[in-house]
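Analysis of the macromolecular model
Chain by chain, the residues:
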Amino acid sequence: MKPFLLLASRAEDGAAEDEYRAYLRYAGLAAEQLHRIRMEAAPLPELDLTQYSGVIVGGSPYTSSDPPGLKSAAQHRVERELAALLDRIVAEDFPFLGACYGVGTLGLHQGAVIDRTYGEGLGGVTISLTPEGMQDPLLKGMPEHFTAFTGHKEACTVLPAHAVLLASSAACPVQMFRIKSNLYATQFHPELDAEGLVTRIDIYRHAGYFPPESAEMLMENARTFSATEPMKILRNFAERYAS
């Protein structure tokens, strides 16, 4: 099969490696089946999408809706490169799954309103599928309600009219949506289990997501949740689009 492509942008090696291993494990892919590019490290090379089964965009410390003056040169570059790539991906309806940062990237590209109205702290939340979500092939085998981990400063406030809302939560109305037939974005993290979230809390304790002194409490709280259902999305994506 052709490999999938993971576009990552975590500068911290510990977080980057943990994320990559999680995608391998929960998508059921071998290392040679998931090609990773760390976009924060260097310009994105020219990509031939015909060489890939699909594209995954992982989470990111970047906040798409921040004022331009607050963004680093690397973030500006990553945003330009992702926007240009999404021009091609959307035009072709090429298989795409964006996790967390995917809402900011695919959402903005498609005309959604992305701002800080519905940011969520780090922890477990109850996700509810919409009727459309219950019928979507990427959510095959998923219960109507399940626990997933979130942690984001921004979210989608208004979806574009052509998007299909697939999942929501009490604190964040847009937790997952689809564009066309094969373009997906989740606000929650389908790759995160409790220990993965603990790792990120430790690494990002000074990144502004939460007061640094609350890190240990957040780690303890993370371990009280069991998130096992969201990973089915990754397995479904890999199985559906492997080519």
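Refer to the structure above for everything that follows.
Every value quoted in this text rests on a predicted model; they were computed, and no experiment measured them.

What counts, and where the lines are drawn
Residues numbered from 1 in each chain as written. Predicted model: local features only at pLDDT ≥ 70, side-chain atom pairs only at ≥ 80, totals over all residues. Heavy atoms only, no water. Helix = DSSP H or I, 4+ residues; strand = E, 2+ residues; numbered from the N terminus. Rg over C-alpha atoms; globule rule 2.2 N^0.38 Å. Areas by Shrake-Rupley, 256 points an atom, 1.4 Å probe, with all protein chains shown as cover. Lys, Arg positive; Asp, Glu negative; His and termini not counted. Charge placed at Lys NZ, Arg CZ, Asp CG, Glu CD. Buried < 20%, exposed > 50% of the residue type's maximum accessible area, 1.4 Å probe, protein only. Pairing = 2+ DSSP bridges. 1 Å grid on protein atoms, 1.4 Å probe; cavity = no way out; pocket = protein on both sides within 12 Å on 5 of 7 lines; lining within 4 Å. Points joined across faces, edges and corners; volume = space filled by probe spheres on them. Nonpolar A, V, L, I, M, F, W, Y, C, P; charged D, E, K, R; others polar. Phe/Tyr/Trp six-rings, centres within 6.5 Å; stacked < 30°, edge-to-face > 60°. Salt bridge = Lys/Arg side-chain N within 4 Å of Asp/Glu carboxyl O. Polar contact = N/O pair within 3.5 Å; in protein donor to acceptor, adjacent residues only side chain to side chain. Contact = heavy atoms within 4.5 Å. Axes fitted to C-alpha atoms, helices over the stretch in contact; angles between N-to-C directions. Parallel < 35°, antiparallel > 145°, perpendicular 65-115°, else oblique. Left-handed = near helix turned anticlockwise from the far one by under 90°.

1. A few points about the overall build of the protein chain
- When helices and strands are tallied, the protein chain shows 7 helices and 11 strands.
- The globule rule puts the C-alpha radius of gyration for 243 residues at 18 Å, and the 16 Å found for the protein chain is close to it.
- Considering only C-alpha atoms, the protein chain reaches an extent of 45 × 40 × 35 Å along its principal axes.
- Summing over all exposed atoms, the protein chain offers an accessible surface of approximately 9,900 Å²; the carbon and sulfur share of this is 55%.
- Side-chain charges of the protein chain comprise 21 positive and 30 negative groups, with the mean position of each set lying 3 Å from the other.

2. Section: unusual backbone geometry
- Its identity as a non-glycine residue notwithstanding, Asp 93 has a phi of 50°, on the positive side.
- Positionally, Asp 93 belongs in the loop between α2 (73-92) and β4 (96-99).
- Given a relative accessible area of 17%, Asp 93 falls into the buried group.
- At Cys 100, a position not held by glycine, the phi torsion is positive, near 65°.
- Mapped onto the fold, Cys 100 is located in the loop between β4 and α3 (101-109).

3. Side note on the pairing of strand β7 (residues 145-152)
- For β7, the tally of buried residues reaches 6 of 8 residues, placing the bulk of the element in the interior.
- For strand β6 (residues 120-129) and β7, the ladder comprises 7 bridges, and the chain directions are antiparallel. Residue pairing for β7: Gly 124 is matched across the bridge by Phe 149.

4. Let's talk about α3
- Burial analysis of α3 places 7 of its 9 residues in the buried class, the great majority of the element.
- By the burial criterion, the buried members of α3 are Tyr 101, Gly 102, Val 103, Gly 104, Thr 105, Leu 106 and Gly 107.
- In the stretch just after α3, Gly 111 is the one whose phi turns positive, near 95°.

5. Considerations on empty space enclosed by the protein
- Going through the model one piece at a time under the given rule, you end up with 1 cavity of 30 Å³ or more.
- The space that makes up the largest cavity amounts to roughly 260 Å³.
- When contributions to the lining of the largest cavity are tallied by element, the ones reaching two or more residues are α3, β7 and α5 (194-203).
- Split into classes, the residues belonging to the lining of the largest cavity amount to 10 nonpolar, 7 polar and 4 charged.

6. Let's talk about the packing of aromatic side chains
- For the coordinates displayed, the defined rule picks out 5 aromatic pairs.
- When the centroid spacing of 6.3 Å and the interplanar angle of 65° are considered together, the rings of Tyr 62 and Tyr 101 count as edge-to-face. Here Tyr 62, found in the loop between β3 (55-57) and α2, pairs with Tyr 101, found in helix α3; they are 39 residues apart in sequence, far enough to count as distant.
- Looking at Tyr 62, the relative accessible area reads 13%, which means it is buried.

7. Details of the pairing of strand β9 (residues 164-168)
- Where β6 meets β9, 2 bridges bridge the pair, whose relative direction is antiparallel. Bridging across to β9, Ser 128 finds its partner in Ser 168.
- Relative to strand β10 (residues 176-179), β9 runs antiparallel, the two being bridged by 3 bridges. Residue pairing across strands places Leu 165 opposite Phe 177, the latter belonging to β10.

8. Things to note about the side chain of Asp 93
- One buried charged residue, Asp 93, remains without a salt bridge, the closest side chain of opposite sign being Lys 180 at 5.9 Å.
- At 3.2 Å, the side chain of Asp 93 and the backbone nitrogen of Ser 181 are in polar contact.
- The residues contacting Asp 93, other than those within four sequence positions of it, are Ile 179, Lys 180, Ser 181, Asn 182 and Leu 183.

9. Structural notes on the packing of helix α1 (residues 13-27) against α5
- For the pair α1 and α5, interaxial distance at closest approach is 10 Å and the crossing angle is 165°. If you check the angle between α1 and α5, you find them roughly antiparallel. You can see that α1 and α5 cross each other, and the crossing is left-handed. In contact with Gly 14, Ala 15, Asp 18 and Glu 19 of α1, α5 contributes Gly 196, Thr 199, Arg 200 and Ile 203.
- Taken together, the residues of the contact of α1 with α5 break down into 2 nonpolar, 3 polar and 3 charged.

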